[in-house]
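A look at the structure
This is what each chain is made of:
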Amino acid sequence: MRYDLIIFDNDGVLVDSEPISNRLLAAYLTELGHPTSYEDSIRDYMGSAMHRIHELVLERTGRRLPEDFDDVFHARVFAAFERELKPVAGVDAVLEKLAGEQVPYCVASSGSHERIRVGHRTTGLDRWFAEERVFSSQDVGRGKPAPDLFLYAAERMGVAPERCVVVEDSPLGVQAAVAAGMDVYGFTAMTPAERLTGANQLFSSMGELADLLI
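This report concerns the structure included in the present document. Along each chain, numbering runs from 1 in the same order as the chain's sequence is written. In keeping with the model being predicted, local features are shown solely for residues with a pLDDT of at least 70 and side-chain atom pairs are shown and tallied solely at 80 or more, while totals for entire chains, interfaces and linings include all residues. Side-chain descriptors were evaluated using all non-hydrogen atoms of the structure, hydrogens and water having been removed beforehand.

Focus: the pairing of strand β4 (residues 164–168)
Throughout this description, buried means an accessible area under 20% of the type-specific maximum (1.4 Å probe, protein chains only), exposed means over 50%, and partly exposed covers the range between. In this text, helices come from DSSP runs of H or I with a minimum length of four residues, and strands from runs of E with a minimum of two, each type numbered from the N-terminal end. Here β4 lies mainly inside the structure; five of its five residues are buried. Here β4 shows no split at all, with Cys 164, Val 166 and Glu 168 on one side and Val 165 and Val 167 on the other all buried. Across four bridges, the pairing between strand β1 (residues 5–8) and β4 is parallel. Within the sheet, the bridge partner assigned to Ile 7 lies in β4 and is Val 166. As paired elements, β4 and strand β5 (residues 183–187) share four bridges and run parallel to each other. Each bridged residue has a counterpart across the sheet, and for Glu 168 the counterpart in β5 is Gly 186. Crossover handedness is defined here as right-handed if the route from the first strand over the helix to the second strand goes clockwise, with the strands pointing away from the viewer. Crossover β4 to β5 through helix α8 (residues 171–179) is right-handed. Whether two strands pair depends on DSSP finding at least two bridges between them.

Concerning empty space enclosed by the protein
In this analysis, the protein atoms alone were mapped onto a 1 Å grid. Cavities are point sets where a 1.4 Å probe fits without being able to get out; pockets are open sets with protein on both sides within 12 Å along at least five of seven lines; lining residues have an atom within 4 Å of a point. Grid points are joined across faces, edges and corners, and a volume is the space filled by probe spheres set on the points. All told, the structure shown has one cavity of 30 Å³ or more when counted by the stated rule. Space inside the largest cavity adds up to approximately 240 Å³. Lining the largest cavity are 21 residues, with Asp 11, Tyr 45, Gly 47, Ser 48 and Arg 115 positioned closest to its centre. If you list the elements that add at least two residues to the lining of the largest cavity, you get α1 (18–31), α3 (50–61) and α4 (69–84).

Details of the sheet that holds strand β3 (residues 134–136)
The six strands lie next to each other as β3-β2-β1-β4-β5-β6, forming an open sheet whose pairing is parallel. Looking at the sheet topology across the chains shown, the edges are occupied by β3 and β6 (201–203). Direction aside, the axes of adjacent strands within the sheet are offset by 25° on average. As paired strands, β5 and β6 are joined by three bridges and run parallel to one another. Looking across to β6, one finds that Phe 187 is bridged to Phe 203. Every residue pair with non-hydrogen atoms within 4.5 Å of one another is taken to be in contact. Here the axes come from fitting lines to C-alpha atoms, over the contacting stretch only for helices, and the angles between their N-to-C directions go from 0 to 180 degrees. Contacting β1, β2 (105–109), β3 and β4, helix α7 (residues 148–157) crosses the sheet at an angle of about 150° to β2.

Listed below in structure tokens is the structure:
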């Protein structure tokens, strides 16, 4: 076994949520007077904690998002999840193999604990992730690209950073893993390979991942 802990990002790696959430984010920002396309949202916000969206909008426009922005956005996202969300194709088989081989794993997501749990319940992935395996940017002061979340997850799981590998699909997540001193495998299903600079390995389907990990 090459690693003592596998750390999964959630959105776009475990649950196929990025198309849904970025479509809704682009629409909501546009509605609020910040014209944003789906492609803009993917480029600028994919993998971000909510605080980074607020910071970027303020930096670019000088205007703050409404105080209830997070609540309204999450209500729209959760409603869409209930209708549309699916697990990433092939990820159940990866998790089943890791569990069968007793390989430690967890999830460390920029999303809130509620968002993680809603997504996992909707897709059935909750059976793989007990509470002690779930970490959110809510647990630390800074989200990705800061290394804090991944370092926190490793500490809580009792594994040294250099013995961890992160599975990520966003440039911010790759940057965070590198900053944490961890190896990182970049998932290119939605993100062009050239945007995942710094990843130790790239893969385009979950069928490839299990062979990389075990």
